[in-house]
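Here is what each chain is made of, one letter per residue.
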Amino acid sequence: MQTQSIGYMDAPIPEGIDLKAEINKLRKEKNAVILAHYYQTGDIQDIADFVGDSLALAQWAARTKADIIVMCGVHFMGETAKILCPDKKVLVPDMNAGCSLADSCPAGEFETFVKGHPGYTVISYVNTTAAVKALTDIVVTSTNARQIVESLPEDTPILFGPDRNLGNYINSITGRKMLLWNGACHVHEQFSLEKILELKKKYPDAEILTHPECKKAVVEVSDFVGSTAALLKHSVKSEKQQFIVATESGVIHEMRKQSPGKEFIPAPPSDSSCACNECNFMRLNTMKKLYNCLKFELPEIFIDENIQKKAILPIRRMLDISEKLGL
Ligand code: 13P
Ligand code: SF4
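Residues numbered from 1 in each chain as written. Chains lettered and ligands numbered in written order. Predicted model: local features only at pLDDT ≥ 70, side-chain atom pairs only at ≥ 80, totals over all residues. Heavy atoms only, no water.

So, on to the sheet that holds strand E12 (residues 263-266). Overall, parallel pairing links the four strands, which are arranged E10-E9-E11-E12 in an open sheet. Bordering the open sheet on either side are strand E10 (224-225) and E12, each of which pairs with just one other strand. Running over the sheet, helix H10 (residues 193-202) touches strand E9 (207-210), strand E11 (242-246) and E12 and is turned about 175° from E11. (Pairing = 2+ DSSP bridges. Helix = DSSP H or I, 4+ residues; strand = E, 2+ residues; numbered from the N terminus. Contact = heavy atoms within 4.5 Å. Axes fitted to C-alpha atoms, helices over the stretch in contact; angles between N-to-C directions.)

Have a look at this one:
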């Protein structure tokens, strides 16, 4: 991955400094809230005011009274917060924290896809740029995609983007025939069915917990499929003691915290020479960058006003439907 070097992100940290104490001091002084996704490193999850999945992060951003939102996640999560709170300062500790799934859907090409299908309702996964959201009727996350699709009349023609795996999964469980954009996440597509089945032989009692961004073959052998928050909740509720976790391994930090007696085994990627079950974008954020981000109030997310005004509508629709559904 090519990253851009931005001086203040890597500014030297004063020697002997207690990073946790300094971050706490800065967030109080500046009335900042730290939101973190489950794929962040454990130290960032532990210091955050709130840890959640994409839907919960958007819901939290929409209601916070803080002046500054520090989004410890990837760029689209920061953009979603900024779209919802255009008057607040929204920071992401490392501006290079992108998302391969969002990158698989350039706004110009998506616009051609949408224009080529007049009369279709456009549903976009939250893992998209603000410009793609501006072309969308309703945004969804993996927590609410099924319910939002099912809330539309059965004969509604739907375009769904950008994740082909999530789209196929939703089609399979709802019986809909949404037309899919052909995008994917480089982390979730890497999980190896063969290695997961080998693990299952070694741990026959383990449940396989899978994110719907994974390929169909992995989803099909799973015991439970859901968003990061749903996988976490299931791991707490389940009577099983062992779990093979087919999503970014950061979520295991919170799973172990909430169920200290249970065993969580990260599903391996097909190429065992790399840690492909870690999202290299998510892992760009570090405690040092979080500290510098609060100190310098940089890097900041900016969104074109016209795009923000269009993109807030499908996100608001998602939040309203989710609230009605109690999600
Ligand atoms: P969740 O909304 O399930 O947390 O997923 C976010 C994500 O980026 C998955 O790769
Ligand atoms: Fe994007 Fe995949 Fe990383 Fe999630 S895990 S942020 S979908 S690249």
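After that view of the structure, there is still more to cover.
Turning to the pattern of salt bridges, a few remarks are in order. Tallying each qualifying case throughout the model produces 14 salt bridges. A salt bridge links Glu 22 to Lys 25; its shortest N-O distance comes to 3.8 Å. A residue pair is termed a helical-turn pair when its members lie 3 or 4 positions apart in one helix, as Glu 22 and Lys 25 do in helix H1 (residues 19-29) at three residues. Looking at Glu 22, the relative accessible area reads 22%, which means it is partly exposed. Notably, a salt bridge pairs Glu 254 with Lys 257, separated by 4.0 Å at the nearest N-O pair. Linking Glu 254 with Lys 257, this pair stays in helix H13 (residues 251-258), spanning three residues, or about one helical turn. One connected set of salt bridges, linked through shared partners, spans Lys 30, Lys 89 and Glu 297. (Salt bridge = Lys/Arg side-chain N within 4 Å of Asp/Glu carboxyl O. Buried < 20%, exposed > 50% of the residue type's maximum accessible area, 1.4 Å probe, protein only.)

Turning to the packing of helix H3 (residues 54-63) against helix H4 (residues 75-84), a few remarks are in order. Running from N to C, H3 and H4 cross one another at 30°; their axes reach a closest spacing of 9 Å. Put simply, H3 runs roughly parallel to H4. Crossing hand, H3 versus H4: right-handed. Residues Ser 54, Leu 57, Ala 58, Ala 61 and Ala 62 of H3 touch H4, and the partners they reach there are Met 77, Thr 80, Ala 81 and Leu 84. Across the contact of H3 with H4, the residue classes tally to seven nonpolar, two polar and no charged. (Parallel < 35°, antiparallel > 145°, perpendicular 65-115°, else oblique. Left-handed = near helix turned anticlockwise from the far one by under 90°. Nonpolar A, V, L, I, M, F, W, Y, C, P; charged D, E, K, R; others polar.)

A separate point is the site of ligand 1. Around ligand 1, the neighbouring residues are His 37, Tyr 39, Asp 53, Ser 54, Asn 127, Ser 142, His 188, His 211, Glu 213, Ser 227 and Thr 228. Here Asn 127 contributes a side-chain N or O atom positioned 3.2 Å from an oxygen atom of ligand 1. In the environment of ligand 1, an oxygen atom lies 2.9 Å from a nitrogen or oxygen atom belonging to the side chain of Glu 213. Here ligand 1 loses 96% of its free accessible area of 300 Å² to cover by the protein chains. Comparing atom positions with the cavity grids shows ligand 1 to sit within the largest cavity. Across the shell around ligand 1, the residue classes tally to one nonpolar, eight polar and two charged. (Near = heavy atom within 4 Å. Polar contact = N/O pair within 3.5 Å; in protein donor to acceptor, adjacent residues only side chain to side chain. Areas by Shrake-Rupley, 256 points an atom, 1.4 Å probe, with all protein chains shown as cover. 1 Å grid on protein atoms, 1.4 Å probe; cavity = no way out; pocket = protein on both sides within 12 Å on 5 of 7 lines; lining within 4 Å. Sits in = over half its atoms within 2 Å of the grid points.)

You can see Ser 54 is positioned in helix H3. For Ser 54, a relative accessible area of 15% corresponds to the buried category. Along the sequence, Ser 54 and Met 77 sit 23 residues apart, while their C-alpha atoms lie 7.1 Å from each other. Setting aside chain neighbours within four positions, we find Ser 54 in contact with His 37, Met 77, Val 126 and Thr 141.

Mapped onto the fold, Ile 68 is located in strand E3 (residues 68-72). In sequence terms Ile 68 and Asp 18 are 50 residues apart; their C-alpha atoms lie 22 Å from each other.

Attention now moves to the site of ligand 2. Taken together, 13 residues lie near ligand 2, and Cys 99, Asn 127, Cys 185, Glu 213 and Cys 279 sit nearest. Judged by the fraction of its atoms near the pocket grid, ligand 2 is located in the largest cavity. Among the residues making up the shell around ligand 2, the classes are represented as eight nonpolar, four polar and one charged.

For helix H12 (residues 228-237), the full list of buried residues reads Thr 228, Leu 231, Leu 232, His 234 and Ser 235. Around the axis of H12, the buried residues are gathered within 165° of arc, so they sit on the same side. Exposed side of H12, more than 90 degrees from the buried face: Lys 233 and Lys 237 are the residues found there. Structurally, H12 contributes buried residues whose contacts are with strand E1 (32-37), E9, E10, E11, H13 and E12. (Arc of directions from axis to C-beta.)

For the structure on display, the rule yields two cavities of 30 Å³ or more. At the level of secondary structure, the elements contributing two or more residues to the lining of the largest cavity comprise H3, H4 and helix H5 (100-103). Here the residues of the lining of the largest cavity are counted per class, giving 13 nonpolar, 13 polar and three charged. Reported here for the second largest cavity is a volume of approximately 60 Å³. Ser 54, Leu 57, Ala 58, Met 71, Phe 76, Met 77, Thr 80, Ala 81 and Val 126 are the residues that line the second largest cavity. At the level of elements, H3 and H4 are the ones that each hand at least two residues to the lining of the second largest cavity. Of the residues forming the lining of the second largest cavity, the biggest block, four residues, is contributed by H4. Looking at side-chain class alone, the lining of the second largest cavity contains seven nonpolar, two polar and no charged residues. (Points joined across faces, edges and corners; volume = space filled by probe spheres on them.)

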